[in-house]
Amino acid sequence: SLLEPEICPRSPFQFSLVPPTHLADGFSRLRGFLSHSNTAHRENESPGLHASEKAHSCRGQYCVWTSGEASSVGMSVVTTRANRKRILERSASRTVRSEPPANFRTTEIPGKGIGMIANRRIRKGEPILTAKPAVLVHRKLVDELDLDDQYSLLDVAVSELPPMRREQFLAQAGELGGHKVSDILFTNSFQVILGGEDGQHLGNFPDVSRFNHDCRPNVAFYIDQNLTHHTHAIKEIQSGEELTISYLDSFRARSVRQERAHTSWGFACTCSQCSLPREEADASDARLYKIYQVENQLSDLNNGKSTPDMVEQLIGLYREERLDFKIADAYTIAALNYNQFGMADLARRYADLSLEQGPLEHGTHAPDIEVMRAILEDAEGHWTYNRRPYREVAPDQDEL
Ligand SMILES: C[S@@+](CC[C@H](N)C(=O)[O-])C[C@H]1O[C@@H](n2cnc3c(N)ncnc32)[C@H](O)[C@@H]1O
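Overview of the structure. (Residues numbered from 1 in each chain as written. Predicted model: local features only at pLDDT ≥ 70, side-chain atom pairs only at ≥ 80, totals over all residues. Heavy atoms only, no water.)

### Topic: the packing of helix α10 (residues 344–362) against helix α11 (residues 367–378)
Packed helices, taken two at a time, are described by their axes: the angle between them and the distance between them. The criterion, for reference: Convention adopted: a line fitted to C-alpha atoms gives each axis, helices being fitted over their contacting stretch, and angles between N-to-C directions are expressed from 0 to 180 degrees. Helical segments are the DSSP runs of H or I of at least four residues, strand segments are the runs of E of at least two, and each set is numbered from the N terminus. Each crossing is labelled by how the near helix is turned from the far one, with a counterclockwise turn of less than a right angle marking it left-handed and a clockwise turn marking it right-handed. Here, two residues are considered to be in contact whenever any of their heavy atoms come within 4.5 Å of each other. Gly falls in the polar group here, along with every residue not listed as nonpolar (Ala, Val, Leu, Ile, Met, Phe, Trp, Tyr, Cys, Pro) or charged (Asp, Glu, Lys, Arg).
α11 packs onto α10 with a crossing angle of 145 degrees between their chain directions and a minimal axis gap of 8 Å. As for how α10 packs across α11, the hand of that crossing is left-handed. Contacts between α10 and α11 involve Ala 347, Arg 348, Ala 351, Asp 352, Ser 354, Leu 355 and Pro 359 from the first element and Ile 369, Met 372, Arg 373, Ile 375 and Leu 376 from the second. Along the lines of polarity and charge, the residues of the contact of α10 with α11 split into eight nonpolar, one polar and three charged.

The structure is reproduced here in structure tokens:
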């Protein structure tokens, strides 16, 4: 059930205004491992809970702890002692916002198993679900423990959950067969990074496991620093439409996306983008590669060759490719470049778009948000303003 490491095709941001918010697709060796990283963290918050309860079971440095035994939102963690402490710090002292009335229902979708259907019109930006993990498993356990030990710890983790939570976990779909708990885990887990060198985990959130995949989804998700999973509509969704998220890196070429869906989740992707006729699919792949190139260049704020045309090209390509569920970073890049060019109105316009979109994709604590707010409020006073003033250069002057 292991895949070769996947190399991220997208450029990491090269500007150093803020610490990197995520390492997109940082590690994806596990099949069925929904791509997500969560490095946002606030180390100084008070723990609220103490990490002293006894572990249920241990193998090597990995143990199982369960919290919330008496509630319906219990959580089992299978991890090291140090990471358990971090998990407690993040998951304690946070009240989960009460859910709005569900704007979806789950039902059988031909060829996809169970899926989620909007039961009314959903506006862009509306929340769909907020969810806490039922199981968090250290990622390295898969490499470091033999299968018997892995299965034993995972079985304990699930059997110790409060009954309703356990039922909810076991009702999730598995894809490969074999050991039931690990099959469910690898079919339905998200990447959760707690920060620090050793913080990589698989997070299983049974409430959000019924979203099927689409390479151009209508729902965006992120996991916040308190380990809460959030989903929001990224566009207007009509009643009766399926709600989807992207399991994989939707910036990859069609053949790569299809291979990934097949190997990791056992299905042939028939989404609208994967179903394009050959010529259009090739054109789409070419646009994705162009996005990679242009974004790479514009992300380097010291690159003197960037121009306003490139910024507009990048945004145009995102829109043409319907990547509106991952466009916040492009808006951020646009705002920063325009401000560097000394074009404050356009910088403010894109900062505004980034501030509208960013919270849906990354949450309200994403580091970029502060920078965008500063540009929106006082573009000319921001240190990026006019740093690389843009002037059209006539071709003959270029030679001088
Ligand atoms: C996270 S679960 C999604 C919910 C699942 N359909 C169920 O019945 O619980 C992932 C599994 O759903 C199915 N699936 C998800 N997206 C699909 C798609 N676009 N086409 C076909 N099957 C899909 C695959 O079997 C995949 O392994």
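### Some details on α11
Let me state the cut-off plainly: Here a helix's expected span is defined as the number of its residues, less one, multiplied by 1.5 Å. Partly exposed residues are those whose accessible area sits between 20% and 50% of the maximum for their type, while under 20% is buried and over 50% is exposed, using a 1.4 Å probe and protein chains only. In this context, the arc is that of the directions from the helix axis out to the C-beta atoms.
With 12 residues, α11 should reach 16 Å at 1.5 Å per residue; the first-to-last C-alpha distance of 18 Å fits that figure. Three or more residues of α11 are buried, namely Asp 368, Ile 369, Val 371, Met 372 and Ile 375. Buried residues of α11 fall within an arc of 165 degrees about the axis and therefore sit on the same side. More than 90 degrees from the buried face of α11, the exposed residues found are Glu 370 and Glu 377. Looking at the buried side of α11, the elements it contacts are α9 (328–341) and α10.

### Describing the packing of aromatic side chains
Stated formally: Each pair of aromatic rings taken from Phe, Tyr and Trp, with Trp reduced to its six-membered ring, is defined by centres within 6.5 Å and is described as stacked if the planes are under 30 degrees apart, edge-to-face if over 60, and tilted in the remaining cases.
All chains considered together, the criterion is met by 10 aromatic pairs. An angle of 90 degrees between the planes, with centres 6.3 Å apart, marks the rings of Tyr 247 and Phe 267 as edge-to-face. With a gap of 20 residues between them, Tyr 247 in the loop between β14 (242–245) and α6 (254–265) and Phe 267 in the loop between α6 and α7 (278–299) connect regions that are remote in the sequence. Taking the relative accessible area as the measure of exposure, Tyr 247 reaches 9% and is therefore buried. What makes Phe 267 partly exposed here is its relative accessible area of 22%. Each ring, one from Phe 341 and one from Tyr 390, has its centre 5.6 Å from the other, and the planes form 55 degrees; the classification is tilted. Here Phe 341, found in helix α9, pairs with Tyr 390, found in the loop between α11 and α12 (395–398); they are 49 residues apart in sequence, far enough to count as distant. Since its relative accessible area comes to 4%, Phe 341 is described here as buried. Exposure remark for Tyr 390: the relative accessible area of 28% places this residue in the partly exposed category. Each residue in the set Tyr 331, Tyr 338, Phe 341, Tyr 350 and Tyr 390 is aromatic and connected to the rest through ring pairs, giving one cluster.

### Things to note about the environment of His 365
We apply this condition: Any N or O atom pair separated by 3.5 Å or less is treated as a polar contact, with the protein-specific requirement of one donor-capable and one acceptor-capable atom, and with residues adjacent in sequence counted only for side-chain atom pairs.
Inspection of the secondary structure assignment puts His 365 in the loop between α10 and α11. Of the residues examined, His 365 reaches a relative accessible area of 48% and is grouped as partly exposed. Counting along the chain gives 141 residues from His 365 to Asp 224, while the straight-line C-alpha distance between them is 8.1 Å. For His 365, the side chain forms a polar contact with the side chain of Gln 225, separated by 3.5 Å.

### Description of the state of the cysteines
What counts here: The disulfide criterion used throughout: a pair of cysteine sulfur atoms within 2.5 Å.
Under the criterion given, the structure shown has one disulfide. In this model, Cys 58 is linked to Cys 63 through a disulfide, with the two sulfur atoms separated by 2.1 Å. The chirality of the disulfide connecting Cys 58 with Cys 63 is right-handed, given an S-S dihedral of about 105 degrees. We note that Cys 271 lacks a disulfide partner, and the nearest cysteine sulfur, in Cys 269, lies 3.6 Å from it.

### Remarks on the sheet that holds strand β11 (residues 212–213)
Rules: When DSSP locates at least two bridges between a pair of strands, those strands are taken to pair.
Strands sit in the order β5-β6-β14-β11 across an open sheet of four strands; the sheet is mixed. Single-partner strands in this sheet number two, and they are β5 (104–109) and β11. Relative to strand β6 (residues 113–118), β5 runs antiparallel, the two being bridged by six bridges. Counterpart to Thr 107 in the pairing with β6 is Gly 115.

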